[in-house]
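Report on the structure
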Amino acid sequence: MERVFGIPIIAAVILGVVFPYQALVIMPLGFLFLFLMMTWAGLSVEWSRLRSSRNRVKELMVGLSALYLFFPPLQWVLARWLISDKQYLFGLLFASLTPAAIVAPFFTRIHDSDEELSFLIMVLSTLVCPVAVPLLLKLLAGPSIAFEMFSLVKFMVLLVSAPLLLSYATARFLPGVKRRLLPHMGLLNMLSLSVLIFIFFGNATSRLNLNYASVVSLAKILLLVFVQDFGVLFLSRFVLAPYFDRSRLNALAITLSMKNVAIAAAVLLFYDPKAALPPAMAFIAHACLFNFIPLARGYFASRKDRT
């Protein structure tokens, strides 16, 4: 299943362009599929093993710092060098500041790496997002922020607390349900993400006439979102290789390379549809990344454990 994970995503992008109005109609379901993906992530982790987070303080600090403080400013400098349109720039910045993607633990597990570390980074980065994102947007983008961030705070709190509580309760009181769902997590994640991408990409194209967008600008945006995925993956694994064993190194690199750009797309589609185009185009890079990671077993197994 993981070897074809990116194919339905590419299909969802194409369908979003071809049938944008259908995506517009089902836009209210976007939050539902984000909710479901967070629930799948919670069900895929053994909650009892999360107690070991006390032994992962260094990894968590490195992960969160890289996720919010190191890579986004680098991407912001590169984006400002390549892009002049302020709305596209703002969309790229917002996308770079989103928390780790909900599917990151799933891809970490594929390579027998530290899934719990990936899950913790994903959850913690989502929890701090309502505080970190407004501050960093204000710091980097200044007065060009065109909307009030309190709605994002409420959105993120609801997105995190409710599905995690549901997944924990299911694992604790309905273990049979969890056992039946676990073998199908790849399919559930793939379908949920594909529908989500269809909704957001279709809405972005329906609200923004791409005929007025410069081909050069679109090519530059596509390059930047690929840097956000593949550039971060390769650079983080290269920089962090001397300090972590294979399992934790892979967990960090994979998780840092996957941003939950659906959050940026959802917020910007409401406030600034043109700025929502870069997060929507990031789904194309995601599709390629999701195909690359399962196939690159040699790359992720190239280091011996140091523990």
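Overview of the structure. Bear in mind that the values here come from a model prediction, so they are computed numbers and not experimental data.

**Observations regarding the side chain of S192**
- Position of S192 relative to the elements: it lies in helix α10 (residues 185-207).
- Engagement of the side chain of S192 in a polar contact is seen with the side chain of W40, the distance being 3.1 Å.
- Not counting chain neighbours up to four residues away, the residues in contact with S192 comprise F33, L36, M37 and W40.

**Thoughts on the environment of V177**
- For V177, the position within the fold is in helix α9 (residues 175-181).
- A sequence separation of 134 residues divides V177 from L43, and the C-alpha atoms of the two residues are 9.7 Å apart.

**Overview of the packing of aromatic side chains**
- Counted according to the given criterion, the structure contains twelve aromatic pairs.
- Judged by centre distance (5.7 Å) and plane angle (90°), the rings of F234 and Y299 are edge-to-face. Here F234, found in helix α11 (residues 215-240), pairs with Y299, found in helix α15 (residues 297-300); they are 65 residues apart in sequence, far enough to count as distant.
- Note on F234: relative accessible area 37%, which makes it partly exposed.
- Assessed through its relative accessible area of 28%, Y299 is described here as partly exposed.
- Among the aromatic residues, those joined into a cluster by ring pairs are F226, F230, F234, F292, Y299 and F300.
- Between R237 and the ring centre of Y299, over which it is positioned, the NZ or CZ distance is 4.7 Å.

**Things to note about the nonpolar core**
- Formed by 90 residues in total, the largest nonpolar core has its most connected members in I83, F94, F107, M122, F200, M258 and F283.
- Here the element with the most residues in this core is helix α14 (residues 277-295); it accounts for ten residues.
- The contacts of F283, once residues within four sequence positions are left out, are I9, V13, I197, F200, F201, V261 and A262.
- Judged by nonpolar contacts, the second largest core, of ten residues, contains L117, L240, F244 and L249.

**Concerning the pattern of salt bridges**
- Under the counting rule described, the total for this entry stands at five salt bridges.
- For E115, the salt bridge goes to R109, with nearest N and O atoms at 2.9 Å.
- Its relative accessible area of 8% is what places E115 among the buried residues.
- Note that R248 and D114 form a salt bridge whose closest N and O atoms lie 3.7 Å from each other. Taken together, the residues span a long stretch of sequence, with R248 in helix α12 (residues 246-257) and D114 in the loop between α6 (104-110) and α7 (115-141) at a distance of 134 residues.
- Connected through shared salt-bridge partners, R56, E59, D114 and R248 make up one network.

What counts and how
- Residues numbered from 1 in each chain as written.
- Predicted model: local features only at pLDDT ≥ 70, side-chain atom pairs only at ≥ 80, totals over all residues.
- Heavy atoms only, no water.
- Helix = DSSP H or I, 4+ residues; strand = E, 2+ residues; numbered from the N terminus.
- Polar contact = N/O pair within 3.5 Å; in protein donor to acceptor, adjacent residues only side chain to side chain.
- Contact = heavy atoms within 4.5 Å.
- Phe/Tyr/Trp six-rings, centres within 6.5 Å; stacked < 30°, edge-to-face > 60°.
- Buried < 20%, exposed > 50% of the residue type's maximum accessible area, 1.4 Å probe, protein only.
- Lys NZ or Arg CZ within 6 Å of the ring centre and 35° of its normal.
- Core = buried A, V, L, I, M, F, W, Y, C linked by side-chain atoms within 4.5 Å.
- Salt bridge = Lys/Arg side-chain N within 4 Å of Asp/Glu carboxyl O.

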